[in-house]
Amino acid sequence: MSEMADEPGHPEGDPGVPPRDRDVIRRARIDESCRGPVMFFILTAVVWLLVGTVLAIVASVKMHSPEFLANLEPLTFGRVRPAHLNTVIYGWSSLAGIGVLLWLQARLCRAPLRFHRLLYGVGVLWNLAVAAGTIALLTTHFNSVEWLEFPVWTAATLGVGFLGVMVVSLDVFRRRTKHHIFVSQWYLFGAVFWFPILYVLANMMIHLGMASGIAQATANWWFAHNVLGIWFTPIGLAAAYYFIPKVLGRPIHSYYLSLLGFWTLALFYNWAGTHHLIGGPLPVWLTTVGTVASMMMFIPVVTVAINHHMTMVGHFQKLKYSPTLRFIVFGAMSYTLVSVQGSLMALRTVNETTHFTHYTVAHAHLGMYAFFTMAMFGSIYYLVPRLLGREWPSATLIRVHFWCTATGIFLYFSGLSWGGWRQGEMMNHDTVDFQAIVDYLIPFLWSRSFAGILMTVGHVAFAILLWKMWRGKEPTGEPALFPAKGAPKREEDSLHDRPPESKREESS
Amino acid sequence: MNRTAVLLAGVLLTVASSFVGLVVIPDWQLDPLAPVQAPDGTMQPQKPTGSVAEGRAIYSELGCIYCHSQQVRPREFGADQARGWGDRQTHPVDHIYDAPPLLGTMRTGPDLANIGARQPSRSWHHLHLFDPETTSPGSIMPPYRFLYDPVSRDGAGPPETALDLPGEFDDPDYWWVPTDRAEALVDYLLSLDHSYPIDDEL
Ligand code: HEM
Ligand code: HEM
């Protein structure tokens with residue numbers, strides 16, 4: 001029984017209302033409580049996605065055509081490139097991640113979000129901080145510490161702002177109306193603690209000089225690896241664990257596998273960061289620890305893959321009509337791929353070739369784009385209609401979005417993986433002249449720019465869709481599913497479905 | 001203990017232990033490192049000061065690190081040493097004064113850990129920064145012309161520091177003169193020389 005349901009005179013508490021309708025009303029109230037703040041996070045995230053995309057294209061073109069916009073210092077490659085990374089990481093990925101995290105947590109806790117003003121405050125603060133930080137990267141001095149380039153005052157603002165997210169999500173967690181904690185909730189619960197701890201400690205060690213010399217480099221990669229592994233990854237996985245069963249209307253394959261997957265991830269991801277420094281100037285034991293932890297990562301990755309696959313088995317035809325499922329499953333499969341690839345890249349023999357090359361950049365986009373970004377797209381397709389009470393205005397635009405981003409990232413990844421691997425091989429043969437390597441790479445760098453333009457088209461289609469949703473006044477009625485044989489009238493995950501996760505889970 | 005407490009404890013312990021293991025312990029293990037005496041009697045590495053320190057900041061804010069590493073890998077690992085990028089693996093001692101160390105993770109361009117020893121010519125670096133094509137045809141390194149000031153050719157001869165641009169790159173209207181930032185950046189590049197021996201194995 002929910003808290004609200006006990007309110008006198010409330011329909012949920014009214015014994016005359018059938019339980020199923022009570023569920024619908026309860027969910028509608030939770031969505032209502034998320035509408036303002038969650039939409040704020042998502043809409044501003046997409047603005048940053050567009051800004052980050054423009055910066056990405058500029059950086060990409062500069063790599064094969066260095067004279068492009070060469071005479072303005074703010075647009076030099078070495079400034080645009082960190083501006084790309086920081087806008088897509090702290091702007092797009094983190095803001096979208098926070099929006100999805102809050103909504104998922106409220107839904108799973110079956111309790112409405114509170115403290116709206118605090119959330120708006122945090123949202124405004126983050127946006128201002130990311131904007132100021134990005135302008136600083138383009139125009140003033142910054143320390144090129146990868147992933148932590150933002151000035152200290154920007155970092156401090158982001159860190160303090162995040163406390164608001166923590167308060168709100170823990171508040172809703174405390175008020176959860178079911179004793180049982182779903183898999184997705186563990187990941188989300190972990191993520192809201194992990195991000196601020198990582199971010200604040202890393203900034204202190206590096207920018208406030210609390211560590212010195214090489215220890216700053218290990219702090220750097222402890223952070224940069226963990227921010228992927230225990231901030232973005234848990235949110236992406238929580239979304240996959242929620243939406244796959246939800247859209248299919250069937251339980252997650254195994255509760256115990258989920259449990260194993262969560263704890264091994266928490267244990268091993270944390271220790272893997274030094275695989276970014278293989279061959280570098282640090283005591284060998286440190287990189288060995290990183291390699292071993294990376295190998296152990298096979299355990300959570302394989303358990304998650306089995307769990308998701310077994311849930312999907314026999315239901316792949318649903319990919320034909322559900323946009324949410326299409327993006328989420330694309331993301332979940334990419335997660336397995338990027339992690340298996342990552343574990344192999346952490347082997348000394350493989351890293352010897354790939355470390356300093358575009359192969360790493362391809363892996364980076366397989367992770368942050370094909371996995372995380374696609375998972376966020378899928379989540380947004382599900383939750384925005386529920387928050388706004390309208391359906392997506394155009395299945396064609398959704399299709400453009402999916403196919404441009406999917407083929408774009410495929411091209412991006414395959415081009416740079418191939419080129420990057422050869423780059424590494426040539427670099428390891430001292431008989432190959434350095435300039436020959438540069439020449440060899442140029443066509444691959446062009447292929448990335450081309451892929452980037454495709455992805456940009458997809459992002460613009462997505463932004464138009466969101467804009468129409470946001471501005472739309474009337475409910476549009478019919479849901480935007482891809483017409484296919486056997487498509488239901490409504491996406492299975494309509495307001496009238498069952499609770500998201502398994503019977504098996506609930507009985508545990 | 002209830003479930004939430006177990007979850008919270010697990011979440012905090014996993015991250016705290018890795019912080020201690022991967023950051024605090026290395027910091028403590030490497031803290032006693034001190035400069036070594038080079039064969040010429042100087043203590044190495046030297047703390048960057050004056051224009052070298054300024055140049056280092058400029059290297060950082062122009063993002064050279066996104067294309068250049070500053071770390072030589074062990075002899076049997078890759079071809080770093082065979083390419084002449086250094087005679088020994090980079091050691092933590094080389095970075096005791098670096099806050100932060102500019103190790104880099106990308107080699108779109110060559111490693112620069114010992115560029116001062118490999119390319120000691122000031123004028124080469126200026127020409128290369130002004131337009132990499134002048135010295136390295138086909139280079140995809142960005143030109144840093146904004147670090148140089150144009151001086152009209154109306155007056156007398158070239159200013160003392162004007163770049164001596166080769167044939168096709170010569171500008172008929174202007175002399176190009178390094179700004180203070182360009183001079184500091186080159187000072188920093190010339191200071192990058194870790195060729196002093198270190199016995200200690202990693
Ligand atoms: C088992 C899981 C994983 C392992 C063992 C792993 C391992 C690695 C390794 C060895 C590198 C190369 C470091 C180098 O040579 O410079 C790397 C880079 C990277 N990985 Fe992964 N990876 C994993 C999963 C992921 C996931 C899920 C994501 C995204 C959410 C991701 C995103 C990245 C990024 C962005 C980089 C580039 C970092 C940089 O240089 O700036 N990885 N990873
Ligand atoms: C329009 C599509 C995109 C293009 C063309 C693009 C292009 C680029 C380029 C040129 C770089 C610099 C690589 C280098 O230094 O050699 C880069 C780095 C990076 N980008 Fe993107 N990007 C795109 C979208 C994204 C998105 C949406 C994300 C994240 C959500 C992302 C995350 C990253 C990361 C993490 C790096 C650092 C990689 C590393 O250090 O290894 N990118 N990207």
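Residues numbered from 1 in each chain as written. Chains lettered and ligands numbered in written order. Predicted model: local features only at pLDDT ≥ 70, side-chain atom pairs only at ≥ 80, totals over all residues. Heavy atoms only, no water.

### Topic: the coordination of the iron atom of ligand 1
Then, in step 1: No protein donor other than His363 of chain A (NE2) coordinates the iron atom of ligand 1, and that contact is at 2.1 Å.
Then, in step 2: With respect to the element layout, histidine 363 of chain A can be found in helix α12 (residues 358-388). (Donors = N, O, S within 2.8 Å, 3.2 Å for Na, K, Ca; no water. Helix = DSSP H or I, 4+ residues; strand = E, 2+ residues; numbered from the N terminus.)

### Section: the site of ligand 2
Then, in step 1: In the region of ligand 2, 25 residues are neighbours, and Arg81, His84, His365, Thr373 and Arg448 of chain A sit closest.
Then, in step 2: Ligand 2 sits at the junction of chains A and B, each of which supplies nearby residues.
Then, in step 3: Between ligand 2 and arginine 81 of chain A there is a distance of 2.7 Å, counted from an oxygen atom to a side-chain nitrogen or oxygen.
Then, in step 4: Between histidine 365 of chain A and ligand 2, the recorded distance is 2.7 Å, taken from a side-chain N or O atom to a nitrogen atom.
Then, in step 5: Counting residues per element, the ones that place at least two in the shell around ligand 2 are α1 (19-64), α2 (77-109), α12 and α14 (434-471) of chain A. (Near = heavy atom within 4 Å. Polar contact = N/O pair within 3.5 Å; in protein donor to acceptor, adjacent residues only side chain to side chain.)

### A look at the layout of surface pockets
Then, in step 1: There is about 780 Å³ of room inside the largest pocket.
Then, in step 2: His68, Gly109, Pro110, His128 and Met141 of chain B are, among the 38 residues lining the largest pocket, the residues nearest its centre.
Then, in step 3: Elements represented by at least two residues in the lining of the largest pocket include exactly α1, α2 and α14 of chain A together with α3 (115-118), α4 (122-130) and α5 (180-191) of chain B.
Then, in step 4: Here the lining of the largest pocket gets four residues from one element, more than from any other, and that element is α4 of chain B.
Then, in step 5: Each residue belonging to the lining of the largest pocket can be placed in one class, and the counts come to 21 nonpolar, twelve polar and five charged.
Then, in step 6: Its volume calculated, the second largest pocket comes out at about 410 Å³.
Then, in step 7: Around the second largest pocket sit 22 residues that line it, and Gln44, Pro45, Gln46, Ser191 and Asp193 of chain B are the ones nearest its centre.
Then, in step 8: The residue makeup of the lining of the second largest pocket, split by class, is nine nonpolar, seven polar and six charged. (1 Å grid on protein atoms, 1.4 Å probe; cavity = no way out; pocket = protein on both sides within 12 Å on 5 of 7 lines; lining within 4 Å. Points joined across faces, edges and corners; volume = space filled by probe spheres on them. Nonpolar A, V, L, I, M, F, W, Y, C, P; charged D, E, K, R; others polar.)

### Some points on the interface of chain A and chain B
By a widespread convention, an interface's size corresponds to the accessible area lost as its parts come together.
Then, in step 1: If you look at the interface, chain A gives 95 residues, while chain B gives 73 residues.
Then, in step 2: Each partner contributes to the roughly 6800 Å² buried at the junction of chain A and chain B, and carbon and sulfur atoms together form 65% of this total.
Then, in step 3: Put simply, chain A and chain B have two salt bridges between them.
Then, in step 4: A salt bridge links glutamate 73 of chain A to arginine 181 of chain B, with the shortest nitrogen-to-oxygen separation between them at 2.8 Å.
Then, in step 5: The interface formed by chain A and chain B contains 26 residue pairs in polar contact (both at pLDDT 80 or more).
Then, in step 6: By residue class, the composition of the side of chain A that touches chain B is 53 nonpolar, 30 polar and twelve charged. (Contact = heavy atoms within 4.5 Å. Buried area = accessible area lost by both parts, 1.4 Å probe. Salt bridge = Lys/Arg side-chain N within 4 Å of Asp/Glu carboxyl O.)

### Quick look at the site of ligand 1
Residue and element names in this part refer to chain A.
Then, in step 1: Near ligand 1 there are 24 residues, and of these Trp147, Tyr269, Asn351, His355 and His363 occur at the shortest range.
Then, in step 2: Take histidine 355: an N or O atom from its side chain is 2.7 Å from an oxygen atom of ligand 1.
Then, in step 3: Histidine 363 has a polar side-chain atom sitting 2.8 Å from a nitrogen atom of ligand 1.
Then, in step 4: Secondary-structure elements contributing two or more residues to the shell around ligand 1 are α6 (214-248), α10 (323-345) and α12.
Then, in step 5: The element contributing the most residues to the shell around ligand 1 is α12, with six residues.

### Examining the coordination of the iron atom of ligand 2
Residue and element names in this part refer to chain A.
Then, in step 1: Bound to the iron atom of ligand 2 on the protein side are His84 (NE2) and His365 (NE2), at distances that span 2.0 to 2.1 Å.
Then, in step 2: Because the angles between the six donor atoms bound to the iron atom of ligand 2 fall within 86 to 179°, the donor set is best described as octahedral. Linking histidine 84 in helix α2 with histidine 365 in helix α12, this pair joins segments that are 281 residues apart in sequence. (Tetrahedral: all angles 85-135°; square planar, octahedral: opposite > 155°, others 65-115°.)

### Points about helix α2 (residues 50-61) of chain B
Then, in step 1: End to end, α2 of chain B covers 17 Å across twelve residues, agreeing with the expected 16 Å (1.5 Å per residue, within 8%).
Then, in step 2: Those residues of α2 of chain B hidden inside the fold are in contact with α2 of chain A together with α5 of chain B.
Then, in step 3: Following α2 of chain B by one or two positions, glycine 63 of chain B adopts a phi angle in the positive range, close to 65°. (Expected span 1.5 Å × (residues − 1).)

### Notes on the nonpolar core
Then, in step 1: Ranked by size, the top nonpolar core spans 198 residues in total, and within it Tyr90, Trp92, Leu102, Trp103, Phe223 and Trp231 of chain A carry the most contacts.
Then, in step 2: Among the elements that make up this core, the one with the highest residue count is α6 of chain A (23 residues).
Then, in step 3: Per-domain counts for this core show at least three residues from each of domain 1 (1-32) and domain 2 (36-191) of chain B.
Then, in step 4: Here leucine 102 of chain A is in contact with Val38, Phe41, Leu113, Leu119, Val165, Val168 and Ser169 of chain A, once residues within four sequence places are set aside. (Core = buried A, V, L, I, M, F, W, Y, C linked by side-chain atoms within 4.5 Å. Buried < 20%, exposed > 50% of the residue type's maximum accessible area, 1.4 Å probe, protein only. Domains from an automatic or database assignment.)

### Points about the side chain of arginine 107 of chain B
Then, in step 1: Relative to the helices and strands, arginine 107 of chain B is located in the loop between α2 and α3.
Then, in step 2: Taking the relative accessible area as the measure of exposure, arginine 107 of chain B reaches 1% and is therefore buried.
Then, in step 3: At a separation of 2.8 Å, a polar atom in the side chain of arginine 107 of chain B contacts the main-chain carbonyl oxygen of glutamine 71 of chain B.
Then, in step 4: The residues contacting arginine 107 of chain B, other than those within four sequence positions of it, are Phe356, Gln423, Met427 and Phe434 of chain A together with Cys67, Ser69, Gln71, Arg73, Asp80 and Trp85 of chain B.

### Section: the packing of aromatic side chains
Residues and elements named next belong to chain A.
Then, in step 1: With the rule as written, the count across this model stands at 45 aromatic pairs over all chains.
Then, in step 2: Look at tyrosine 90 and phenylalanine 150: their rings are 5.6 Å apart centre to centre, the planes differ by 40°, and that puts the pair in the tilted class. Taken together, the residues tyrosine 90 in helix α2 and phenylalanine 150 in the loop between α3 (116-139) and α4 (152-174) connect sequence positions 60 residues apart. Each member of the pair tyrosine 90 and phenylalanine 150 is classed as buried. (Phe/Tyr/Trp six-rings, centres within 6.5 Å; stacked < 30°, edge-to-face > 60°.)

### Things to note about the domain arrangement of chain B
Then, in step 1: Looking at the assigned domains, one finds that chain B contains domain 1 (1-32) and domain 2 (36-191).
Then, in step 2: A straight line from the C-alpha centre of domain 1 of chain B to that of domain 2 of chain B covers 40 Å.

### So, the environment of serine 139 of chain B
Then, in step 1: Considering the arrangement of structural elements, one finds serine 139 of chain B in the loop between α4 and β3 (148-152).
Then, in step 2: Taking the C-alpha atoms as reference, serine 139 of chain B lies 9.9 Å from histidine 128 of chain B; in sequence the two are eleven residues apart.
Then, in step 3: In this structure, serine 139 of chain B is in contact with Pro66 and Gln435 of chain A together with Pro132 and Glu133 of chain B, ignoring residues within four places of it in sequence.

### Some points on the environment of arginine 181 of chain B
Then, in step 1: For arginine 181 of chain B, the position within the fold is in helix α5.
Then, in step 2: With a relative accessible area of 27%, arginine 181 of chain B lands in the partly exposed category.
Then, in step 3: It is 19 Å that separates the C-alpha atoms of arginine 181 of chain B and leucine 112 of chain B, two residues lying 69 residues apart in sequence.
Then, in step 4: Excluding anything up to four places from it in sequence, arginine 181 of chain B contacts Glu73 and Arg79 of chain A together with Ile58, Glu61, Leu62 and Leu147 of chain B.
Then, in step 5: A polar atom in the side chain of arginine 181 of chain B sits 2.8 Å from the side chain of glutamate 61 of chain B.

### Details of empty space enclosed by the protein
Then, in step 1: In total, this model carries seven cavities of 30 Å³ or more according to the counting rule given.
Then, in step 2: In this model, the second largest cavity occupies a volume close to 130 Å³.
Then, in step 3: In terms of lining, the second largest cavity is formed by 14 residues, of which the most central are Asn220 and Trp221 of chain A together with Pro101, Leu103 and Gly104 of chain B.

### Examining the pattern of salt bridges
Residues and elements named next belong to chain B.
Then, in step 1: Taken as a whole, this structure holds 20 salt bridges over all chains when the rule is applied.
Then, in step 2: Between aspartate 98 and arginine 56 there is a salt bridge, with the nearest N and O atoms lying 3.4 Å from each other. Of this pair, aspartate 98 sits in the loop between α2 and α3 while arginine 56 sits in helix α2; the two residues are 42 residues apart in sequence, bridging distant segments of the chain.
Then, in step 3: As a salt-bridge pair, arginine 107 and aspartate 80 come within 2.9 Å of each other at their nearest N and O atoms.

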